[in-house]
Amino acid sequence: MPNTLAHIGVQTVLTRSVLKDADVKWIYLGCVIPDLPWIIKRFILLAHPAIEQLWLQAYLLLQATLLFSLLASASFACLAARKLQTFAILASCSLVHLLLDATQTKWGNGADLFIPFNWHMLNFAWYWPEHWFSYALTVWGLIIMLFYWRESTSRPPDLVFNAKSTLACLILLAVYFLLPLALIEQVRQHDSHYNATLHSHDRKGKTIAFDRKTVKPDEHGGWLVDLYGEWIPLDGVEGRDLQIVSIKGHFSEHSRIAVSDYRVHPGLLRNYLSMVGLFLVALVWVWSIVRPRLIKRSG
């Protein structure tokens, strides 16, 4: 998936072309909503490293779908003065985010637009994450944030914290966090993202594909891949200093993968670029809230 800056570059231009007065802070938040589950995942694993990661993956991939992104959008929009417009911004940005994710080549992965009504993953596979186009979008996103910096930080957010709005926000957030619990079994029934395959007690002969997973060398000169906390040997992967790979293959044994094709990705650059984007989004929101109070206090 494109990094946060790339999403901001595309989605800010698209949204502003339709809604000229849209507050870019809400656009930035809409760019992040479908990725919130994967941001939360990092904190969960830090706090509870022993958690069953396959269960956690099933739970989070549900939250990353369009349906749950719309729930999160509605929840946040409850706290805005212009609720319908804000929901339209957040919801449309969530949709465009997932469509933009689908443009990248991701083996065994894709955008989940229709879950739980249709479990087909959308993946156009037009270009790899390290293609020059991805980096061009990243640079464009940074330019867009700098261009709108003064406006985004000087314009106070139209937040409304009354009992009715806050209660509606909390109810929708509760649905966002609780409803996936009722759908996890469906994730495994449809083997979405190979969750059932990896959860199976007999994987031998089953196909597998995965996108951008961490690998490390084993003591015999081969490679191990981290599949949700389980390090599995790979047959057919060669090279030095590998960190991130995408793989296609099948299980030759329960805990061994015969690789038919693989692609090596350039380290963790995408993660670092996303961190920069997330930091800037948080900074814009915090400064736009704090700045008016500082001005009032100094005046």
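Criteria and cut-off values
- Residues numbered from 1 in each chain as written.
- Predicted model: local features only at pLDDT ≥ 70, side-chain atom pairs only at ≥ 80, totals over all residues.
- Heavy atoms only, no water.
- Helix = DSSP H or I, 4+ residues; strand = E, 2+ residues; numbered from the N terminus.
- Buried < 20%, exposed > 50% of the residue type's maximum accessible area, 1.4 Å probe, protein only.
- Contact = heavy atoms within 4.5 Å.
- Areas by Shrake-Rupley, 256 points an atom, 1.4 Å probe, with all protein chains shown as cover.
- Lys, Arg positive; Asp, Glu negative; His and termini not counted.
- Charge placed at Lys NZ, Arg CZ, Asp CG, Glu CD.
- Salt bridge = Lys/Arg side-chain N within 4 Å of Asp/Glu carboxyl O.
- Expected span 1.5 Å × (residues − 1).
- Arc of directions from axis to C-beta.
- Pairing = 2+ DSSP bridges.
- Axes fitted to C-alpha atoms, helices over the stretch in contact; angles between N-to-C directions.
- Polar contact = N/O pair within 3.5 Å; in protein donor to acceptor, adjacent residues only side chain to side chain.
- pLDDT = per-residue confidence, 0-100.
- Core = buried A, V, L, I, M, F, W, Y, C linked by side-chain atoms within 4.5 Å.

Draft legend 1. Highlighting the overall build of the protein. Along the backbone of the protein there are 11 helices and 5 strands. In terms of overall dimensions, the protein has C-alpha extents of about 70 × 40 × 35 Å along its principal axes. Classification of the 299 residues of the protein by burial places 48% in the buried group. Across the protein, every contact between residues at least 6 apart in sequence was considered, and the portion connecting residues at least 24 apart equals 66%. When the accessible surface of the protein is summed, it comes to about 14,900 Å², and 65% of that surface belongs to carbon and sulfur atoms. Looking at the protein, you have 27 positive and 22 negative side-chain charges, and the mean spots of the two groups are 13 Å apart.

Draft legend 2. Layout of the pattern of salt bridges. Tallied over the entire structure, the rule returns 8 salt bridges. Here R16 ties to E151 by a salt bridge, and the two come within 2.1 Å at their closest N and O atoms. Here E151 lies in helix α8 (residues 149-154) and R16 lies in helix α1 (residues 4-18), a separation of 135 residues in the sequence. Note that R203 and E230 form a salt bridge whose closest N and O atoms lie 2.7 Å from each other. Placement of R203 in the loop between α10 (195-199) and β1 (207-217) and of E230 in strand β3 (residues 230-235) is noted, with a sequence separation of 27 residues between them. With relative accessibility at 4%, the residue R203 sits in the buried group. Through salt bridges that share partners, D23, K25 and R155 make up one connected network.

Draft legend 3. Quick look at helix α7 (residues 132-147). With 16 residues, α7 should reach 22 Å at 1.5 Å per residue; the first-to-last C-alpha distance of 22 Å fits that figure. Along α7, the residues that are buried comprise S134, L137, T138, G141, I144 and M145. Each buried residue of α7 sits inside an arc of 125° when the element is viewed along its axis, so together they form one side. Exposed positions of α7 whose direction lies more than 90 degrees from the buried face are W132, V139, L146 and F147. In the core, the buried residues of α7 are packed alongside α1, α2 (24-32), α8 and α11 (269-298).

Draft legend 4. Focus on the sheet that holds β1. Taken in spatial order, the 5 strands of this closed barrel run β1-β2-β3-β5-β4, and their pairing is mixed. In this sheet, adjacent strand axes meet at a mean angle of 55° when their direction is disregarded. As paired elements, β1 and strand β4 (residues 244-253) share 6 bridges and run antiparallel to each other. Paired with K213 across the strands is V245, a residue of β4.

Draft legend 5. Examining the side chain of S200 more closely. Its location among the elements puts S200 in the loop between α10 and β1. In terms of polar contacts, S200 uses its side chain to reach the side chain of K206, at 3.1 Å. Ignoring any residue separated from it by four or fewer positions in sequence, one finds S200 in contact with K206 and H254.

Draft legend 6. Region of the structure containing the environment of P116. Tracing the backbone through its elements, the reader meets P116 in the loop between α6 (83-103) and α7. Sequence-distant contacts of P116, defined by excluding residues within four places in its chain, comprise L67, L183 and Q186.

Draft legend 7. Representation of the confidence of the model for the protein. Scored by pLDDT, the protein comes out at a mean of 93, with 99% of its residues at no less than 70. Put simply, α11 is where the protein has its lowest mean pLDDT, 86, and helix α5 (residues 66-77) is where it has its highest, 98.

Draft legend 8. Here's a closer look at the pairing of strand β5 (residues 256-265). Across 2 bridges, β3 lies against β5 in parallel orientation. Looking at β5, one finds that L234 is bridged to I257. Bridge count between β4 and β5: 9 bridges; the pairing is antiparallel. Across the sheet, F251 pairs through a bridge with I257, a residue of β5. Linking two consecutive strands that pair antiparallel, namely β4 and β5, is a turn of 2 residues.

Draft legend 9. Seen up close, the nonpolar core. Within the largest apolar cluster, 36 residues are counted, with the highest numbers of intra-cluster contacts made by I8, W26, I27, Y28, L62 and M145. Elements with a contribution of two residues or more to this core: α1, α2, α4 (53-63), α5, α6, α7, α9 (163-189) and α11.

Draft legend 10. View of unusual backbone geometry. In this chain, I115 is followed by P116 through a cis amide linkage whose omega measures 10°. One non-glycine residue, D191, lies in positive phi territory at about 50°. You can see D191 is positioned in the loop between α9 and α10. A residue is classified by how much of its surface remains accessible, and D191, at 27% relative accessible area, is partly exposed. Backbone geometry places D241, a non-glycine residue, at a positive phi of 55°. Tracing the sequence through the fold places D241 in the loop between β3 and β4.

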